[in-house]
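# Chain and residue survey
Take a look at the letters that make up each chain.
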Amino acid sequence: MPTDSSKSEPATAVPATAPGATITAIVPARNEEVSIEGCVRSLARQKEIAEIVVVDDQSTDRTTEVVRGLMREIPNLRLLEVGAVPGGWLGKNHAVWQGAKHAGSEWLLFTDADAELLDGAAARALQIADENSAALVSFSPEQVTETWYEKALIPFVYCRLSKYFSYDAVNDPTSNVAAANGQFLMMRRDAYEAIGGHESVGAEVLEDVALAKRVKAAAYRIWFGSGAGLVRVRMYRSFAAMWEGWKKNLYLLIGGTPTAVRRELLSVVPWIPLALLVLGLRVPIAFVTGLGLLIARHAVYASMLLRNQFRVKYILYYIPAVLLYAGVLWASYRAHAQGIVEWKGRRVSVRAAG
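Computed from a prediction, not measured in an experiment: that's the story for all the values here. (Residues numbered from 1 in each chain as written. Predicted model: local features only at pLDDT ≥ 70, side-chain atom pairs only at ≥ 80, totals over all residues. Heavy atoms only, no water.)

Next up on the list: the sheet that holds strand 5 (residues 107-111). The 7 strands lie next to each other as 4-3-2-5-9-7-10, forming an open sheet whose pairing is mixed. Only two strands of the sheet have a single partner each, and these edge strands are strand 4 (77-81) and strand 10 (221-226). Along the sheet, successive strands turn relative to each other by an average axial angle of 20°, direction set aside. In this sheet, strand 4 lies alongside strand 3 (residues 49-56) in parallel orientation, the contact comprising 5 bridges. Paired with Val 53 across the strands is Arg 78, a residue of strand 4. (Pairing = 2+ DSSP bridges. Helix = DSSP H or I, 4+ residues; strand = E, 2+ residues; numbered from the N terminus. Axes fitted to C-alpha atoms, helices over the stretch in contact; angles between N-to-C directions.)

Looking now at the layout of surface pockets. It is a probe the size of a water molecule, rolled over the atoms, that shows where empty space is left. Taken as a whole, the second largest pocket spans an internal volume of roughly 490 Å³. If you trace the second largest pocket, you find 21 residues lining it, with Leu 206, Lys 213, Leu 252, Gly 255 and Gly 256 closest to the centre. Contributing elements (two or more residues each) for the lining of the second largest pocket: helix 8 (207-217) and helix 9 (239-253). (1 Å grid on protein atoms, 1.4 Å probe; cavity = no way out; pocket = protein on both sides within 12 Å on 5 of 7 lines; lining within 4 Å. Points joined across faces, edges and corners; volume = space filled by probe spheres on them.)

Glancing now at the side chain of Asp 56. Tracing the sequence through the fold places Asp 56 in strand 3. For the buried residue Asp 56, which engages in no salt bridge, the nearest side chain bearing the opposite charge is Arg 68, 7.1 Å off. The residues touching Asp 56, leaving out its near neighbours within four places in the chain, are Ala 29, Thr 63, Thr 64, Leu 79, Leu 80, Glu 81 and Val 82. (Buried < 20%, exposed > 50% of the residue type's maximum accessible area, 1.4 Å probe, protein only. Lys, Arg positive; Asp, Glu negative; His and termini not counted. Salt bridge = Lys/Arg side-chain N within 4 Å of Asp/Glu carboxyl O. Contact = heavy atoms within 4.5 Å.)

For the rest of this paragraph, the subject is empty space enclosed by the protein. Using the criterion set out here, one finds 1 cavity of 30 Å³ or more in the structure. The space that makes up the largest cavity amounts to roughly 50 Å³. Taken together, Lys 92, Val 96, Phe 110, Gly 182, Leu 185, His 198, Glu 207, Asp 208 and Leu 211 form the lining of the largest cavity. When contributions to the lining of the largest cavity are tallied by element, the ones reaching two or more residues are helix 3 (91-101) and helix 8. With 3 residues, helix 8 is the largest single contributor of residues to the lining of the largest cavity. Taken together, the residues of the lining of the largest cavity sort by class into 4 nonpolar, 2 polar and 3 charged. (Nonpolar A, V, L, I, M, F, W, Y, C, P; charged D, E, K, R; others polar.)

Now for the packing of aromatic side chains. Here the structure, examined in full by the defined rule, presents 19 aromatic pairs. Measuring from ring centre to ring centre gives 5.9 Å for Phe 139 and Trp 223, while their planes differ by 85°; the resulting arrangement is edge-to-face. Here Phe 139, found in strand 7 (residues 134-140), pairs with Trp 223, found in strand 10; they are 84 residues apart in sequence, far enough to count as distant. For the pair Phe 139 and Trp 223, one class covers both residues: buried. (Phe/Tyr/Trp six-rings, centres within 6.5 Å; stacked < 30°, edge-to-face > 60°.)

Here we take up the side chain of Thr 145. For Thr 145, the location among the structural elements is in the loop between strand 8 (142-144) and helix 5 (148-164). Look at Thr 145 and you get buried, because its relative accessible area is 2%.

On to the confidence of the model for the chain, then. Per-residue confidence for the chain averages 91 on the pLDDT scale, and 93% of its residues sit at or above 70. Within the chain, no element has a lower average pLDDT than strand 1 (residues 4-5), which sits at 62, and none a higher one than strand 5, at 98. (pLDDT = per-residue confidence, 0-100.)

The subject of this paragraph is helix 13 (residues 318-338). Between its terminal C-alpha atoms helix 13 stretches 30 Å, which fits the 30 Å expected from 21 residues at 1.5 Å a residue. In the segment just after helix 13, Gly 339 is the residue with positive phi, at about 90°. (Expected span 1.5 Å × (residues − 1).)

Turning next to the packing of helix 11 (residues 271-279) against helix 12 (residues 284-307). Following both chains from N to C, one finds helix 11 and helix 12 inclined at 155°, their axes separated by 7 Å at the closest point. On the basis of the axis angle, helix 11 is roughly antiparallel to helix 12. Considering the relative orientation of helix 11 and helix 12, their crossing is left-handed. On helix 12, the residues that touch Ile 272, Pro 273, Leu 276, Leu 277 and Leu 279 of helix 11 are Ala 286, Phe 287, Thr 289, Gly 290, Leu 291, Leu 293 and Leu 294. Residues of the contact of helix 11 with helix 12, tallied by class, amount to 10 nonpolar, 2 polar and no charged. (Parallel < 35°, antiparallel > 145°, perpendicular 65-115°, else oblique. Left-handed = near helix turned anticlockwise from the far one by under 90°.)

Here the focus is the pattern of salt bridges. Where charged atoms from two side chains of opposite charge come close, those side chains can pair. Inspection of the entire model under this criterion finds 18 salt bridges. Arg 78 serves as the salt-bridge partner of Glu 51, at 3.0 Å between the closest nitrogen and oxygen. Taken as a pair, Glu 51 in strand 3 and Arg 78 in strand 4 lie far apart in primary sequence, 27 residues in all. We note a salt bridge from Asp 112 to Lys 92, for which the minimum N-O separation is 3.1 Å. Here the residue Asp 112 occupies a position in the loop between strand 5 and strand 6 (115-117), and Lys 92 occupies one in helix 3, the gap between them amounting to 20 residues. The structure contains a network of salt bridges with shared partners spanning Glu 37, Arg 41 and Glu 73.

Right, let's get into a nonpolar patch on the surface. Where nonpolar side chains cluster on the molecular surface, the patch consists of Leu 279, Val 283, Ile 285, Phe 287, Val 288, Leu 291 and Ile 295 and spans about 620 Å² of accessible area. Per-element tally for the nonpolar patch: the top contributor is helix 12, with 5 residues. In this fold, Ile 295 is placed in helix 12. (Patch = residues over 30% accessible without salt bridge, like charges linked within 9 Å, V, L, I, M, F, W, Y side chains within 5 Å. Areas by Shrake-Rupley, 256 points an atom, 1.4 Å probe, with all protein chains shown as cover.)

This part takes up helix 8. Burial analysis of helix 8 places 8 of its 11 residues in the buried class, the great majority of the element. Those residues of helix 8 not exposed but buried are Glu 207, Asp 208, Val 209, Ala 210, Leu 211, Ala 212, Val 215 and Lys 216. Contacts from the buried residues of helix 8 go to helix 3, strand 7, helix 6 (167-171), strand 9 (184-188) and strand 10.

What follows is the structure in structure tokens.
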């Protein structure tokens, strides 16, 4: 799963589109004035990208103003503004579907407005597609984490998700496991059209995973792997946005059933060490045993961080990570049980999604 990153690179000059560029980048944007410029400039530096289509999804901030300003210096940048979201669609899915209909390249790159492509990212994606005969290439980006709550929750979530979405299983054409990350999802146009594009997953909260499942079911090859050194993302810039985002997605990501929630909570919360620590208030040996088991849990988490290319020092956030993860997983379960989640000022019916 993704690595972490905490540094930003200065913007560099925007090159002209290279001859033979074969990618259209499609960026849905709803109130992304803080991040959209960095995203667009990083796309413009990729010579393999022939055109960039930013789809404004009814923003109420300065998103469109920022994009129009960039259009004066980036000749292959276009702005598409969409209206109200039709019934049976989620906003992001509708926006990227509209963008895809205006694309003219062989490959479609769907990326989020908070994603930043590093040098060579598009070229590497095309190379992977060629080497693996893949119709879909997706990178799980480096995660930029700046606040304590980002450093606690985001690495923990991705370490848990690595148990559900193994790269090897996803990339094995004989396995029925399918996944992708919508922060960098590149698909060959003919495959995209053959599976019905985003119109076929218009009401799906996890549209990236749903697309990957359809691609694999149609016998196209998928390549899903780490985006270390290729693409990075700071997903959330406030605690409220982070909570709302994982509340929307986490229940579905871990299986989307009450049984899956119970299994996950039993697995991640150190119930026995905590019980022994409480018992240790009366029985000292129980306290020592509980402390030893809790230290062992920290060691296991450290190994998971290393395997998923996160900094091992995030082990210091293990206890807050467990508490935040358990809390947002329960909140996600409750929201989906009630049939409504919220994201970027919209109430989304998850019952309609499936």
